[in-house]
Amino acid sequence: MGRDYLLYRGRLVHITEFFTNFRSQPPNIWWPADRAWFVATDIDLDSTYIGASRDCISALLGHTALEAVPADPYASVAMTADTINLIDRP
C-alpha cells in the first residue's frame, strides 16, 4: 500500500475524540481486544466494511439510523457501483 499507519490503543468510547479533538481522519482499521468484530474504511473509498458475528451484522442491517447493506466479495468498490447513493455520471 505504501502508507504509514499509527497504532492507537484505548476504549471504544474514545473513538468520538477523533471527530472532536483531532479533527482528522478517524482510524481506518479498528477492532476490540477479543477480535469479536472488525471495522475497515479505506481512505480512498466511500464505504466502511464490518466483519462480525451474524447476530451483530443482523443488528447493523436492521438499524434504522444506518445505511447498511450486506457486502458481496465480488462487488465493485467504485463510486459508480453505489446503487443507493446515485451520483451524477458523465
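Conventions we followed
Residues numbered from 1 in each chain as written. Predicted model: local features only at pLDDT ≥ 70, side-chain atom pairs only at ≥ 80, totals over all residues. Heavy atoms only, no water. Helix = DSSP H or I, 4+ residues; strand = E, 2+ residues; numbered from the N terminus. pLDDT = per-residue confidence, 0-100. Pairing = 2+ DSSP bridges. Phe/Tyr/Trp six-rings, centres within 6.5 Å; stacked < 30°, edge-to-face > 60°. Buried < 20%, exposed > 50% of the residue type's maximum accessible area, 1.4 Å probe, protein only.

## Section: the environment of alanine 75
Mapped onto the elements of the fold, alanine 75 is located in the segment after α2 (54-62). Expressed as a C-alpha distance, the spacing of alanine 75 and tyrosine 49, which sit 26 residues apart in the sequence, is 13 Å.

## Considerations on the confidence of the model for the protein
When pLDDT is averaged along the protein, the result is 83, and 90% of the positions lie at 70 or above. The least confident element of the protein, judged by mean pLDDT, is helix α1 (residues 17-20) at 74; the most confident is α2 at 95.

## A look at the pairing of strand β2 (residues 37-40)
Here two bridges tie strand β1 (residues 29-30) to β2, and the two strands are oriented antiparallel to one another. Following the sheet pairing, isoleucine 29 is matched in β2 by alanine 40. Two successive antiparallel strands, β1 and β2, enclose a turn made up of six residues, where arginine 35 displays a positive phi of approximately 60 degrees.

## Topic: the packing of aromatic side chains
In this structure the tally under the stated criterion is two aromatic pairs. Between tryptophan 30 and tryptophan 37, the ring centres sit 5.8 Å apart and the planes meet at 90 degrees, which makes this aromatic pair edge-to-face. Overall, tryptophan 30 belongs to the partly exposed group, its relative accessible area being 25%. Overall, the relative accessible area of 22% leaves tryptophan 37 in the partly exposed class. Centre to centre, the rings of tryptophan 31 and phenylalanine 38 are 5.6 Å apart; their planes meet at 20 degrees, and the pair counts as stacked. A residue is classified by how much of its surface remains accessible, and phenylalanine 38, at 35% relative accessible area, is partly exposed.

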